[in-house]
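What follows is the residue order along each chain.
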Amino acid sequence: MRKRIFTVIIALILAVSNVNATGYPVFDISGWLAAIDQLYSQYEMVMNTITQIENQYNMIQQNIERAKGIDWENIRFDGDFDIRDDIKDANKRVNRLLNSARNIKDLMTKPSINCGYGSYSLADLCGMNGAEHNFFAACKDTTNYMTDNMKMAVTGIVEGLDADQKRSIWIKYGISPRNYIFVQQSIAQVKDGASKLMAKVNEEARNMKREEDTLRKNNIVKAATESRDSEGNITQGAANEAQLYLSSELVDKTSELTESVEDMAAAVANKMIAEENEKQAEADELEAAQKQLEVVESRVPNYFKK
């Protein structure tokens, strides 16, 4: 009898609590999935463009190597012009471009974003290595690390908030200022690490674009990309001219990826806050139920408690 009464009371209290818990920002699952898809797609486009650039310049490098094999010693050049200088220059610049492509790949794939209990790469954050090692996982790892090792620092930030700021956090998000700070600080740390890497990627892409603009003026490369066959048809070398604009495309795509990282950070913040809100709501429900049970129990005659 007593157990049944308590069970009914608990059910009623939990039902009321669930209704009252509404009103906080609802997690946007469609926006979350869109942010994941966008980040994944932008990363793939950047890496595919880098692969195309590598293929392009490996082909040009092969043409340069063939040109180097020609016996130029017995060929007389007018004035100061010497095609061997163009060959050396083209070879040097192509090597620089290939090194830039490899540098970008390294920046994207090597784990270098410290999350406390592990390091993540941009590839990880973009979802290339599974859900257990993505942007959200990196932020959760950072939060766990901060919870274990940076309590005093977070406490200091919370104590720096005035009463209105603390009240605003409770009202808007339904979580404690302390938990809110943990979420925001962990996301900021991961986002900062990703932003620094993307800045290096963007700079490398811009360097590649500048180097490519200079390479296009080289006589050897111009000959390879502007040549026609005996019937006046465009050759494979000339067809590659279109590919020489890939570095411009890469600059655009790395910039778009940077924006997608920003969007993903915002989406992760919303998800983590929603999870904290759910935990807080559950804790509030249990606390309210316990208090109500204690009140009810205090009013139940002793003979019902036996």
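Model, not experiment: these values are computed from the prediction. (Residues numbered from 1 in each chain as written. Predicted model: local features only at pLDDT ≥ 70, side-chain atom pairs only at ≥ 80, totals over all residues. Heavy atoms only, no water.)

1. A word on the nonpolar core
Step number 1: Of all hydrophobic cores here, the largest spans 64 residues; its most connected members are M108, F135 and V268.
Step number 2: Counting residues per element, the ones that place at least two in this core are α2 (29-68), α3 (83-109), α4 (122-125), α5 (135-149), α6 (151-159), α7 (163-173), α8 (177-215) and α11 (246-299).
Step number 3: Broken down by element, the residue count for this core peaks at 13 residues, all from α8.
Step number 4: If we ignore the near neighbours within four places in the chain, the residues touching M108 are Y43, V46, M47, S121, L122, A123, V201 and L257. (Core = buried A, V, L, I, M, F, W, Y, C linked by side-chain atoms within 4.5 Å. Buried < 20%, exposed > 50% of the residue type's maximum accessible area, 1.4 Å probe, protein only. Helix = DSSP H or I, 4+ residues; strand = E, 2+ residues; numbered from the N terminus. Contact = heavy atoms within 4.5 Å.)

2. A word on the packing of aromatic side chains
Step number 1: In total, this model carries three aromatic pairs according to the counting rule given.
Step number 2: Considering the side-chain rings of Y117 and Y145, the 5.3 Å spacing of their centres and the 80° angle between planes classify their relative orientation as edge-to-face. Of this pair, Y117 sits in the loop between β1 (113-114) and β2 (119-120) while Y145 sits in helix α5, placing them 28 residues apart in sequence.
Step number 3: When the ring of Y173 is compared with that of Y180, the centres are 4.9 Å apart and the planes differ by 25°; the resulting orientation is stacked. Of the two residues examined, Y173 and Y180, each falls in the buried class.
Step number 4: Just above the ring of W32 sits the side chain of K271; from NZ or CZ to the centre is 5.4 Å.
Step number 5: Sitting above the plane of the F136 ring, K271 keeps its charged end 5.2 Å from the centroid. (Phe/Tyr/Trp six-rings, centres within 6.5 Å; stacked < 30°, edge-to-face > 60°. Lys NZ or Arg CZ within 6 Å of the ring centre and 35° of its normal.)

3. Some thoughts on the packing of α6 against α8
Step number 1: For the pair α6 and α8, interaxial distance at closest approach is 9 Å and the crossing angle is 115°. The orientation of α6 with respect to α8, classified from their angle, is roughly perpendicular. Considering only the axes of α6 and α8, their crossing is right-handed. Along its contact with α6, which presents K151, V154, T155, I157 and V158, the element α8 presents P177, R178, I181, F182 and Q185.
Step number 2: Looking at side-chain class alone, the contact of α6 with α8 contains six nonpolar, two polar and two charged residues. (Axes fitted to C-alpha atoms, helices over the stretch in contact; angles between N-to-C directions. Parallel < 35°, antiparallel > 145°, perpendicular 65-115°, else oblique. Left-handed = near helix turned anticlockwise from the far one by under 90°. Nonpolar A, V, L, I, M, F, W, Y, C, P; charged D, E, K, R; others polar.)

4. Side note on the confidence of the model for the protein
Step number 1: When the pLDDT values of the protein are averaged, the result is 78; 72% of them are 70 or greater.
Step number 2: Segment residues 1-22 is flagged for pLDDT under 50; beyond a separation of four residues in sequence, or across chains, it makes 18 contacts in the model. (pLDDT = per-residue confidence, 0-100.)

5. Remarks on the pattern of salt bridges
Step number 1: The final tally for this structure, using the stated rule, is 13 salt bridges.
Step number 2: With its nearest N and O atoms 3.8 Å apart, the salt bridge here joins K279 to E276. With a gap of three residues between them, K279 and E276 both fall in helix α11, about one helical turn apart.
Step number 3: You can call K279 partly exposed: its relative accessible area is 45%.
Step number 4: We classify E276 as buried; its relative accessible area is 16%. (Salt bridge = Lys/Arg side-chain N within 4 Å of Asp/Glu carboxyl O.)

6. A word on a nonpolar patch on the surface
Step number 1: Nonpolar side chains collect at one region of the surface, where I29, L33 and I36 lie side by side and expose about 260 Å² of accessible area between them.
Step number 2: Following the sequence through the fold, I36 ends up in helix α2. (Patch = residues over 30% accessible without salt bridge, like charges linked within 9 Å, V, L, I, M, F, W, Y side chains within 5 Å. Areas by Shrake-Rupley, 256 points an atom, 1.4 Å probe, with all protein chains shown as cover.)

7. A word on the environment of F182
Step number 1: Mapping F182 onto the fold places it in helix α8.
Step number 2: On the basis of relative accessible area, F182 is assigned to the buried category, the value being 5%.
Step number 3: In sequence terms F182 and T143 are 39 residues apart; their C-alpha atoms lie 6.1 Å from each other.
Step number 4: Aside from chain neighbours lying at most four places away, what touches F182 is T143, M146, T147 and V154.

8. A word on the state of the cysteines
Step number 1: This structure, assessed with the given rule, holds zero disulfides.
Step number 2: Its sulfur unpaired, C139 is 7.2 Å from the next cysteine sulfur, which belongs to C115. (Disulfide = S-S within 2.5 Å.)

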